[in-house]
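Summary of structural features
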Amino acid sequence: MANVSAELLWPMVRDTSCFAVKRKVPGRSGMGKAGPRFTTEPNNVSGVNSFKYSGLVNAKTVSLEEAEKGVTLVKKVRKADRLNKPNKMYNKVSLTKDFRRVASAIKKETGDNFYRPDLTKAALAKWSLIHKAQKRGKA
């Protein structure tokens, strides 16, 4: 994947990925009969099948995984020596503080250090959903 540009790879992966979820919607919808396109691919922070959020195509990706307490922020590492080692290709940071501190850490990791500032809003939205689910699970 490192030898091919993301713009060239996306048209090939867009419709033929095994992670793509296509469901037809009966009746009228804003999308027509095709319905919305989602994906279950790893490192896709929103689950939408688009170039912006794709974890397969982009060199820099952001993902949030639910942990027992808190969340794990996963980012792709761009170092050349790690590209051929799938175990070491991802940088995982465990975030277990309160809601506000985890949100500020996500902002710093994605936006403030110029990693992927366009994914900050989607990552914060996912963190909000995960936190709400964890609160509901405790009660």
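Computed from a predicted structure; not experimentally measured.

1. Thoughts on the overall build of the protein
Across its full length, the protein holds three helices and five strands. When its helices and strands are written in sequence order, the protein yields α-β-β-β-β-β-α-α. The principal-axis extent of the C-alpha atoms belonging to the protein is close to 45 × 45 × 25 Å. Considering only contacts within the protein whose residues lie at least 6 apart along the sequence, 38% involve residues at least 24 apart. Here the protein has roughly 9,400 Å² of accessible surface; of this, 55% comes from carbon and sulfur atoms.

2. Some details on the environment of S63
Among the secondary structure elements, S63 is positioned in strand β3 (residues 62–66). Residue class for S63 comes out buried when judged on its relative accessible area of 6%. A C-alpha to C-alpha distance of 9.7 Å links S63 and Y53, two positions 10 residues apart in sequence. With sequence-adjacent residues up to four places away left out, S63 is seen in contact with N43, T72, L73 and V74.

3. Overview of the pairing of strand β4 (residues 71–76)
Buried residues dominate β4, accounting for six of its six residues. The two faces of β4 match: V71, L73 and K75 on one face and T72, V74 and K76 on the other face are all buried. Inspection of the sheet shows β3 paired to β4 by five bridges, in the antiparallel sense. Within the sheet, the bridge partner assigned to E66 lies in β4 and is V71. Two successive antiparallel strands, β3 and β4, enclose a turn made up of four residues, where G70 displays a positive phi of approximately 95 degrees. Judged from the six bridges that link them, β4 and strand β5 (residues 90–95) form a sheet pairing that is antiparallel. Note on β5: the bridge partner recorded for V71 is L95.

4. Some words on unusual backbone geometry
The backbone of N43 sits at a positive phi, close to 65 degrees, despite the residue not being glycine. By the secondary structure assignment, N43 is in the loop between β2 (37–39) and β3. In this structure, F114 takes a positive phi of about 60 degrees despite not being glycine. Within the fold, F114 resides in the loop between α2 (99–112) and α3 (120–138).

5. Quick notes on the packing of aromatic side chains
Enumeration according to the criterion identifies two aromatic pairs in this entry. Residues W10 and F51 carry aromatic rings whose centres are separated by 6.1 Å and whose planes lie at 65 degrees to one another, so their mutual orientation is edge-to-face. In this pair, W10 is assigned in helix α1 (residues 6–16) and F51 in the loop between β2 and β3, connecting sequence segments 41 residues apart. Since its relative accessible area comes to 10%, W10 is described here as buried. Judged by centre distance (5.6 Å) and plane angle (15 degrees), the ring pair of F99 and W127 falls under stacked. A residue pair is termed long-range when its members are at least 10 positions apart, and F99 in helix α2 and W127 in helix α3 qualify at 28 residues. The buried category is assigned to W127, whose relative accessible area is 1%. The positively charged end of K75 is found above the aromatic ring belonging to Y115, 4.6 Å away from the centroid.

Cut-off values and rules
Residues numbered from 1 in each chain as written. Predicted model: local features only at pLDDT ≥ 70, side-chain atom pairs only at ≥ 80, totals over all residues. Heavy atoms only, no water. Helix = DSSP H or I, 4+ residues; strand = E, 2+ residues; numbered from the N terminus. Contact = heavy atoms within 4.5 Å. Areas by Shrake-Rupley, 256 points an atom, 1.4 Å probe, with all protein chains shown as cover. Buried < 20%, exposed > 50% of the residue type's maximum accessible area, 1.4 Å probe, protein only. Pairing = 2+ DSSP bridges. Phe/Tyr/Trp six-rings, centres within 6.5 Å; stacked < 30°, edge-to-face > 60°. Lys NZ or Arg CZ within 6 Å of the ring centre and 35° of its normal.

Keep in mind these numbers describe shape, not what the thing actually does.
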